[in-house]
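This is what each chain is made of:
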Amino acid sequence: MHLISDNIDTKTGLRLVGIKGTVAHTENEVCEALEKAAADKNIGIIIITEKLAVNFPAVFDKFRAEHKLPLLAEIPDRHGSGRGENYLKRFFKGSV
């Protein structure tokens, strides 16, 4: 796994459990971090923070379209999720 985060706190927290990461703030930094992680065959999952996913949706959509692996997993940051209450429940209900 590898983290691409918009803040150092999330990077530090995941590093404590053994997950290395990169902090990125601009679209260019996010693209570089994604390509570097994708080039590492030891990385099967890239964890991204929700804020990055919201700020740069086209970057992540393009990455998903062009790469089968690594998988992208989106997580909330230390402030919690911006998707509101019952997001997962609504997501799975809409999916089924």
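Structure shown above.
Because the structure is a prediction, the values reported are computed rather than measured.

A few words on the pattern of salt bridges. Scanning the model with the defined rule gives one salt bridge in all. Of the charged contacts in the structure, one is a salt bridge between D6 and K51, with a shortest N-O distance of 4.0 Å. Separated by 45 residues along the polypeptide, D6 in the loop between strand 1 (2–5) and helix 1 (8–15) and K51 in helix 3 (residues 50–55) bring together distant segments of the chain. Residue classification places D6 among the buried residues on the basis of a relative accessible area of 9%.

This part is about the pairing of strand 1. Working note: regular strand, side chains alternate between the two faces of the sheet. Residues of strand 1 alternate between two faces, with H2 and I4 on one and L3 and S5 on the opposite face, all of them buried. In the sheet, strand 1 pairs with strand 2 (residues 20–23) via four bridges, with the strands oriented parallel. Bridge pairing links S5 to V23 in strand 2. Each parallel crossover has a hand, and the one from strand 1 via helix 1 to strand 2 is right-handed. Relative to strand 3 (residues 45–49), strand 1 runs parallel, the two sharing three bridges.

Right, let's get into the nonpolar core. Judged by nonpolar contacts, the single largest core of 17 residues is most densely connected at I4, V30, L34, I46, I48, F60 and L72. Contributions of two or more residues to this core are made by helix 2 (27–39), strand 3, helix 3 and helix 4 (57–66). At five residues, the largest contribution of residues to this core is made by helix 2. Among residues more than four places away in sequence, those in contact with F60 are V30, L34, I48, L52, A53 and L72.

Looking only at helix 4, the buried set comprises V59, F60 and F63. The arc that holds every buried residue of helix 4, seen down its axis, measures 90 degrees, which confines them to one face. Helix 4 presents A58, K62 and A65 as exposed residues on the side facing more than 90 degrees away from its buried surface.

A cluster of nonpolar side chains, M1, I45, L69 and L71, forms an exposed patch at the surface whose accessible area comes to about 390 Å². On the secondary structure map, L69 appears in the loop between helix 4 and strand 4 (71–75).

Attention now moves to helix 2. Taking 1.5 Å as the rise per residue, helix 2 with 13 residues should run 18 Å; its terminal C-alpha atoms sit 18 Å apart, in good agreement. Of all the residues in helix 2, the buried ones are V30, A33, L34, A37 and A38. Along the axis of helix 2, the buried positions cluster into a sector of 130 degrees, meaning they face one direction only. In helix 2, those exposed residues whose orientation departs by more than 90 degrees from the buried face are K36 and A39. For helix 2, the secondary structure elements touched by its buried residues are strand 1, strand 2, strand 3, helix 3, helix 4 and strand 4.

Rules behind the numbers
Residues numbered from 1 in each chain as written. Predicted model: local features only at pLDDT ≥ 70, side-chain atom pairs only at ≥ 80, totals over all residues. Heavy atoms only, no water. Salt bridge = Lys/Arg side-chain N within 4 Å of Asp/Glu carboxyl O. Helix = DSSP H or I, 4+ residues; strand = E, 2+ residues; numbered from the N terminus. Buried < 20%, exposed > 50% of the residue type's maximum accessible area, 1.4 Å probe, protein only. Pairing = 2+ DSSP bridges. Right-handed = clockwise from strand over helix to strand, strands pointing away. Core = buried A, V, L, I, M, F, W, Y, C linked by side-chain atoms within 4.5 Å. Contact = heavy atoms within 4.5 Å. Arc of directions from axis to C-beta. Patch = residues over 30% accessible without salt bridge, like charges linked within 9 Å, V, L, I, M, F, W, Y side chains within 5 Å. Areas by Shrake-Rupley, 256 points an atom, 1.4 Å probe, with all protein chains shown as cover. Expected span 1.5 Å × (residues − 1).

Function-wise, these values are silent; they only describe arrangement.
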